[in-house]
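Architecture at a glance
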Amino acid sequence: MGNDDLAINVEGLTKRFNGLLAVSNLALQVRRGEIYGFLGPNGSGKTTTIRMLCGLLTPDGGRGTCLGYDVIRETRQIKRQVGYMTQRFSLYEDLSIRENLDFTARIYGMGNRRQAVDSALERLGLADRRNQLAGTLSGGWKQRLALAACMLHEPRLLLLDEPTAGVDPKARRDFWDEIHRLAGEGITVLVSTHYMDEAERCNRLAYIAYGTLLARGTVAEVVKDSGIVTWMAECADLYALGSQLRGQPGVSQVVPFGNVLHVSGTDAALLERAIAPFRAQAGCRWTPIQPGLEDVFIQMMEKARDNV
Amino acid sequence: MSDRFVWYRFWAVVTKEFIQMRRDRLTFAMMVGIPLIQLMLFGFAINADPKELPAAVLSADHSEFSRSFVRALENSGYFKVTAQPSTEAEAERLIAEGDVQFVVNIPENFARKLQRGERPAILVEADATDPTATGNAVGALSQLAQTALDHDLRGALQPLQGKPAPFEVRIHRRYNPEGITQYNIVPGLMGVILTMTMIMQTGLAMTRERERGTMENLLATPVRPFEVMAGKIVPYIMVGYIQVTLILLAARFVFNVPMLGNVALLYGVVLAFIAANLAVGLMFSTVAKNQMQAMQMTFFFFLPSMLLSGFMFPFRGMPEWAQNIGSVLPLTHFLRMVRGILLKGNGLAETLPHLWPIGLFLLTVVAIGLKRYRKTLD
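Residues numbered from 1 in each chain as written. Chains lettered and ligands numbered in written order. Predicted model: local features only at pLDDT ≥ 70, side-chain atom pairs only at ≥ 80, totals over all residues. Heavy atoms only, no water.

**What to know about the pattern of salt bridges**
In the structure shown here, the tally under the stated rule is 30 salt bridges over all chains. The partner of A:Arg106 in a salt bridge is A:Asp102, with the nearest N and O atoms 3.4 Å apart. Here A:Arg106 and its partner A:Asp102 are both found in helix H3 (residues 97-107), four residues apart, which amounts to about one turn of the helix. Relative accessible area serves as the criterion here: at 13%, A:Asp102 is assigned to the buried category. The residue B:Glu92 makes a salt bridge to B:Arg174 at a minimum N-O spacing of 2.9 Å. (Salt bridge = Lys/Arg side-chain N within 4 Å of Asp/Glu carboxyl O. Helix = DSSP H or I, 4+ residues; strand = E, 2+ residues; numbered from the N terminus. Buried < 20%, exposed > 50% of the residue type's maximum accessible area, 1.4 Å probe, protein only.)

Pasting the structure below:
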């Protein structure tokens, strides 16, 4: 794939904080116009990676390009064309909605400032609350305002760091509809998240743990490559069944989902042998199912921890 | 639920406070450092009875008697002859710029008139802008005429000894003849107030961005460090000018402080002083981790500024090391400028010697601040 098709193309990205490895030898390729999910547990290096991509942190090692600009030397050009939405609300709480947008527009030196701010307010549906202080907005509205602010200068790449953390489901869905609309306009989106349903709304995704990239591809590819097999058990006493299964050879995960139990392992034969005694139990029904992303990721995380 | 005072709950709070105190190293250092500084400053540096004040001797008489008088001046401990100007204009410049605190004028034919018993007069001009600084020295002067020449008045001149004194010392309190303290304090307060508010406001302005997380957003935009710094300084320069105007109005109409010099000149030079203080605030904010630390650093700078600049205590009363520290501080030079312009009617020429140290301070602090300002979050 040529560099022209890639909005982000980095390799060997490494960052240490006080000698501790935060991101290790990370390679990432994001195609123009796609929505790329960035997943991983807390403290896995997602935020550090995003900050390196937009020039907020200088990598200790590695090279590559972001929108065709060198991530080490051309951070100023990158900043001009990237919209970065921080994990924590980082607009001015003591400025009004309009004043915040106006400030951002000025910083980017936009010629049609007034018009850009007005249309952003209109799109947001905040036109009649333009003079409300940003600090008084609810979590969902703050997030929409933050997105509007980082879209104001019409960036070609959006870096969104856990944009939907702490936001209600309706606002989350609206947010993702907006992301898909933007991607449809040709904007590339890199979004980090903890939500599996959000991961499934991405074109492709990468999973990172302990600073190392563990998997990448489409959801189907990631699940298939993981080699995980999952059985679903419906039983009367799920708790007893669960505690008996845990620790059995071949069983790597036993997770209750409401009234059913998901039992997973990486070796299909071994797993079947382990659950065999329980399949005959009265009142129990066992079905092989497609493993979910969450099962895959927890599996990967535990394996990675064993390797650390 | 019991609403009694319970020891374990009280103790839980005490332990938690100690743990947090230990975590915030800077606060802890301040709690130890501030008393130490206060002790050093109050204990060693401050002296309300300054000695060895610089004096210029403008002598038109080169007799043994004049030399004896000058020696007696120095022997009193209050005076130190640092200049021997040859013209009145030169003497005037020395006292206007504050290089000397006194000008001693010994008239022509002093010796002859003295020998004839005509009781000639020696004129001592004192820079009384700060009445407390010159008070004791002036007191010592009046005693001097009585005994200064006892050694020289022998033989035939013996009868001139004793009462009344063989010559007269006339004291001329320049710039503040009535010794009104407000004349000195009110212009000085302008500097003190500017120091306090300017440093604190800018110190908080940057740490606030960091504490609230808005800094990350700002750093992700193409904005340059200098643009941020300058943009944060300018609004506070305006605030500074409002303060200057208010204090000048109060000085004029409430305290009746004379304004001999050009107020426009004062407005001009005040810019350097405001800028220097704002730069200190910005430098602090690049070092401080939170607003609390920025406040503490402000206080850390403010205390010596107030005590070592000559605002509260006479500058020349301090030992040399304290004077050296004081000479670095912008407030020291600002006090001399503002008192010079208002009380002495100084112009640009007499003001410049106090302006450049502020400029130098400003440049140094801006350089440190720009170096410390991080364009990234590293």
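**A closer look at the interface of chain A and chain B**
It is common to give the size of an interface as the accessible area that goes away when the parts come together. Facing 20 residues of chain A, the contacting portion of chain B comprises 18 residues. Here chain A and chain B share an interface that buries about 1800 Å² over both sides, 51% of which is from carbon and sulfur atoms. At the boundary of chain A with chain B, the tally comes to two salt bridges. Across the pair B:Glu216 and A:Arg51 runs a salt bridge whose closest N-O atoms are separated by 2.9 Å. Inspection of the region where chain A meets chain B yields nine residue pairs in polar contact (both at pLDDT 80 or more). Every element with two or more residues in the side of chain A that touches chain B is listed here: helix H2 (75-81) and H3 of chain A. At three residues, the largest contribution of residues to the side of chain A that touches chain B is made by H2(A). (Contact = heavy atoms within 4.5 Å. Buried area = accessible area lost by both parts, 1.4 Å probe. Polar contact = N/O pair within 3.5 Å; in protein donor to acceptor, adjacent residues only side chain to side chain.)

**Focus: helix H5 (residues 139-151) of chain A**
Residues and elements named next belong to chain A. Between its first and last C-alpha atoms H5 spans 18 Å; for 13 residues at 1.5 Å apiece the expected length is 18 Å, and the two agree. Within H5, ten of the 13 residues are buried, leaving the element largely enclosed by the surrounding structure. Those residues of H5 lying buried are Gly140, Lys142, Gln143, Leu145, Ala146, Leu147, Ala148, Ala149, Cys150 and Met151. Structurally, H5 contributes buried residues whose contacts are with strand S6 (82-85), H3, helix H4 (113-124), strand S7 (157-161) and helix H6 (169-184). (Expected span 1.5 Å × (residues − 1).)

**Considerations on the pairing of strand S13 (residues 260-265) of chain A**
Residue and element names in this part refer to chain A. Burial analysis of S13 places six of its six residues in the buried class, which makes it a mostly covered element. Neither face of S13 is exposed, since Val260, His262 and Ser264 on one face and Leu261, Val263 and Gly265 on the opposite face are all buried. Here six bridges tie strand S11 (residues 229-234) to S13, and the two strands are oriented antiparallel to one another. In the strand pairing of S13, tryptophan 231 is matched with valine 263. Counting the residues in the hairpin turn of strand S12 (residues 253-257) and S13 gives two residues, including glycine 258, whose phi is positive at 60°. (Pairing = 2+ DSSP bridges.)

**Thoughts on the sheet that holds strand S4 (residues 61-66) of chain A**
Residue and element names in this part refer to chain A. Spatially, S2-S1-S4-S5 is the arrangement adopted by the four strands of the open sheet, whose pairing is antiparallel. Looking along the sheet, the strands with just one partner apiece sit at the ends: strand S2 (20-31) and strand S5 (69-70). Inspection of the sheet shows S4 paired to S5 by two bridges, in the antiparallel sense. The residue of S5 that forms the bridge with cysteine 66 is tyrosine 69. Helix H1 (residues 46-53) contacts strand S1 (6-17), S2 and S4 of the sheet and is inclined by roughly 120° relative to S1. (Axes fitted to C-alpha atoms, helices over the stretch in contact; angles between N-to-C directions.)

**Observations regarding unusual backbone geometry**
One non-glycine residue, B:Glu52, lies in positive phi territory at about 50°. Mapped onto the elements of the fold, B:Glu52 is located in the loop between helix H2 (25-45) and strand S1 (53-59).

**Topic: the side chain of B:Thr195**
All names here are of chain B. Along the chain, threonine 195 turns up in helix H7 (residues 181-212). At 2.7 Å, the side chain of threonine 195 forms a polar contact with the backbone oxygen of glycine 191. Ignoring anything within four residues of it in the chain, the contact list for threonine 195 reads Phe273, Asn277, Phe301, Phe302, Ser305 and Leu331.

**Structural notes on a nonpolar patch on the surface**
On the surface, B:Phe28, B:Met31, B:Val32, B:Leu36 and B:Leu39 cluster together to form a nonpolar patch covering roughly 500 Å² of accessible area. By the element assignment, B:Met31 lies in helix H2. (Patch = residues over 30% accessible without salt bridge, like charges linked within 9 Å, V, L, I, M, F, W, Y side chains within 5 Å. Areas by Shrake-Rupley, 256 points an atom, 1.4 Å probe, with all protein chains shown as cover.)

**Quick notes on the domain arrangement of chain A**
Per the domain assignment, the segments making up chain A are domain 1 (3-222) and domain 2 (229-290). A C-alpha centroid distance of 39 Å is found between domain 1 of chain A and domain 2 of chain A. (Domains from an automatic or database assignment.)

**Description of the nonpolar core**
Membership of the largest hydrophobic core comes to 94 residues, with the highest contact counts inside it found for A:Ile8, A:Leu28, A:Leu159, A:Leu190 and B:Met190. Once residues lying within four places of it in the same chain are set aside, the contact partners of B:Met190 are B:Val244, B:Ile247, B:Leu248, B:Leu266, B:Phe334 and B:Val338. A:Ala116, A:Trp176, A:Leu182 and A:Ala183 belong to the second-largest nonpolar core, a separate cluster that totals 36 residues. (Core = buried A, V, L, I, M, F, W, Y, C linked by side-chain atoms within 4.5 Å.)

**Some words on the sheet that holds S12(A)**
Residue and element names in this part refer to chain A. Reading across from one edge, S12-S13-S11-S14 is the order of the four strands in this open sheet, with antiparallel pairing throughout. At either margin of the open sheet sits one strand with a lone partner, and together these are S12 and strand S14 (285-289). The average undirected angle you get between the axes of adjacent strands in this sheet is 25°. Bridge analysis of S12 against S13 gives five bridges, and the strand direction is antiparallel. Pairing of proline 256 across the sheet is with leucine 261, part of S13. Against the sheet, helix H9 (residues 238-245) contacts S11, S12, S13 and S14, and its axis sits at roughly 10° relative to S13. Packing of helix H10 (residues 268-279) onto the sheet brings it into contact with S11, S13 and S14, and relative to S11 it is tilted by some 10°.

**Examining the packing of aromatic side chains**
This structure, assessed with the given rule, holds 13 aromatic pairs over all chains. Arranged with centres 6.4 Å apart and planes meeting at 50°, the rings of B:Phe10 and B:Trp11 form a pair that is tilted. Using a relative accessible area of 32% as the deciding quantity, one classes B:Phe10 as partly exposed. Taking the centre distance of 6.2 Å and the plane angle of 75° together, the rings of B:Phe284 and B:Phe301 count as edge-to-face. Within this pair, whereas B:Phe284 is found in helix H10 (residues 263-287), its partner B:Phe301 is found in helix H11 (residues 291-308), the two being separated by 17 residues in sequence. For the pair formed by B:Phe284 and B:Phe301, the shared burial category is buried. The positively charged end of A:Arg172 is found above the aromatic ring belonging to A:Tyr195, 3.9 Å away from the centroid. (Phe/Tyr/Trp six-rings, centres within 6.5 Å; stacked < 30°, edge-to-face > 60°. Lys NZ or Arg CZ within 6 Å of the ring centre and 35° of its normal.)

**Description of the domain arrangement of chain B**
Residue and element names in this part refer to chain B. Per the domain assignment, the segments making up chain B are domain 1 (53-174) and domain 2 (181-372). A straight line from the C-alpha centre of domain 1 to that of domain 2 covers 39 Å. Listed per partner, the contact involves 14 residues of domain 1 and twelve residues of domain 2. Regarding the contact of domain 1 and domain 2, the summed buried area is about 1000 Å², with carbon and sulfur atoms giving 52% of it. Taken as a group, Ala96, Glu97 and Thr129 account for 50% of the area that domain 1 buries against domain 2, more than any other trio of residues on that side. On inspection of domain 1 and its partner domain 2, the count reaches one salt bridge. At the surface where domain 1 touches domain 2, the tally comes to eight residue pairs in polar contact (both at pLDDT 80 or more). Of all the elements in the fold, those that place two or more residues in the side of domain 1 that touches domain 2 are S1, helix H4 (88-97) and helix H6 (131-147).

**Brief notes about the state of the cysteines**
Residue and element names in this part refer to chain A. Scanning all chains against the criterion turns up one disulfide over all chains. Summary of cysteine pairing: cysteine 202 is not part of a disulfide, and the nearest cysteine sulfur, belonging to cysteine 150, is at 16 Å. The buried category is assigned to cysteine 202, whose relative accessible area is 7%. (Disulfide = S-S within 2.5 Å.)

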